[in-house]
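The primary structure of each chain is shown beneath.
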Amino acid sequence: MSTRSIVAVSAGLSTPSSTRLLAERLGAAAVDSLEIAGETANLEVVELRDLAHSITDAMLTGFAAGELADVLDRVAGADGLVLSTPIFASSYSGLFKSFLDVVDRDSLQSMPVALGATGGTSRHSLALEHSVRPVLTYLRADVVTTSVFAATDDWAGTGGGQVGDDGLAARIRRAGSELADRVAARPARRTVQDPFGDVPSFETLLGS
C-alpha cells in the first residue's frame, strides 16, 4: 500500500504564525483520520513566507525555479491539500493569491482540498466562503464541505475546542476527516512527470 501525501500550505506572514498552526492541525487531523481508516500517510507543511521572493519572480518571468519549483511539484503530486490564509480586508492575503497564480491550474483539478483561515475576530469568518472557496472552485479543486476559520479567541480556553462540540478543535477534526475521506476515495498518489525527463543529456548527445 502506498503512503498518502498531505501537503499543508500556510500563507501566514508572522513567526510564529497562527495560520501555520491551523494548517498543521488540519493536516494532522487528515493524517490521523487516514491512519484510523488503515491508510499510511505523511504530512508536509509549506510556508509561503519563505518563498515570497521566488513567487514574485515566477509571476514576473512566468517560470518557477529552485525551491518554489520543487514545492509546486509536491503540491501537484499530493493526495490532498490544506490551504490556510490570513484574512485581510475581508479577503485572502496577497501572498496566498500570488501562490495560486503560479500553480499550474490543471494540477489542482479534482484535488481534495481543505480550507482554513485566521483573523482577529469571527466577523471575518464568511471570507472563507465568499472569497477563498470560489477561487478553488474556479481551479476545479474538490473542496471539502467544512472550512475552518480561527479567530484570536478560538486559540484560548474553551474556544480552542477543549470543551464542547463546536470549538476550534472539533471543527478541525471534522474538516480533517472530510479531507481524509476524499483522499481515500481517490486512486493512489499521482506521479508528477518531468516534462524534460526524456531529453538526453549533453554527455549522451556528445557521446553519440
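Residues numbered from 1 in each chain as written. Predicted model: local features only at pLDDT ≥ 70, side-chain atom pairs only at ≥ 80, totals over all residues. Heavy atoms only, no water.

An unreviewed UniProt entry lists the protein chain under the name FMN reductase, with Paraoerskovia marina given as the organism.

### Some thoughts on the overall build of the protein chain
Summing up its helical and strand segments, the protein chain has 7 helices and 7 strands in all. Secondary structure elements of the protein chain, listed N to C terminal, follow the sequence β-α-β-α-α-β-β-α-β-α-β-β-α-α. Classification of the 208 residues of the protein chain by burial places 45% in the buried group. For the protein chain, the exposed area adds up to about 10,700 Å²; of that, 53% sits on carbon and sulfur atoms. (Helix = DSSP H or I, 4+ residues; strand = E, 2+ residues; numbered from the N terminus. Buried < 20%, exposed > 50% of the residue type's maximum accessible area, 1.4 Å probe, protein only. Areas by Shrake-Rupley, 256 points an atom, 1.4 Å probe, with all protein chains shown as cover.)

### Looking at the nonpolar core
Core analysis: the largest hydrophobic core is formed by 37 residues, its most contacted members being Leu48, Phe99, Leu100 and Leu136. Breaking this core down by element, the ones donating at least two residues are β1 (4-10), α2 (52-61), α3 (66-76), β3 (80-88), α4 (94-102), β5 (112-119), α5 (127-138) and β7 (148-151). Formed by 21 residues, the second largest nonpolar core is a distinct cluster that contains Ala30, Ala114, Leu179 and Val183. (Core = buried A, V, L, I, M, F, W, Y, C linked by side-chain atoms within 4.5 Å.)

### Comments concerning the pairing of β1
Within β1, 7 of the 7 residues are buried, which leaves it mostly tucked inside the rest of the structure. Judged by which residues are buried, β1 turns out to be covered on both faces: Arg4, Ile6, Ala8 and Ser10 on one side and Ser5, Val7 and Val9 on the other are all buried.

### Digging into the packing of helix α1 (residues 18-36) against helix α6 (residues 168-184)
In the contact formed by α1 and α6, the axes pass within 7 Å of each other and the chain directions differ by 55 degrees. It follows that α1 is oblique to α6 by the angle criterion. Handedness of the crossing formed by α1 with α6: right-handed. Judged by residue contacts, Leu22, Arg25, Leu26, Ala29, Ala30, Ser33 and Leu34 of α1 engage Leu168, Ile172, Arg173, Ala175, Gly176, Ser177, Leu179, Ala180, Val183 and Ala184 from α6. Grouping the constituent residues of the contact of α1 with α6 by class yields 12 nonpolar, 3 polar and 2 charged. (Axes fitted to C-alpha atoms, helices over the stretch in contact; angles between N-to-C directions. Parallel < 35°, antiparallel > 145°, perpendicular 65-115°, else oblique. Left-handed = near helix turned anticlockwise from the far one by under 90°. Contact = heavy atoms within 4.5 Å. Nonpolar A, V, L, I, M, F, W, Y, C, P; charged D, E, K, R; others polar.)

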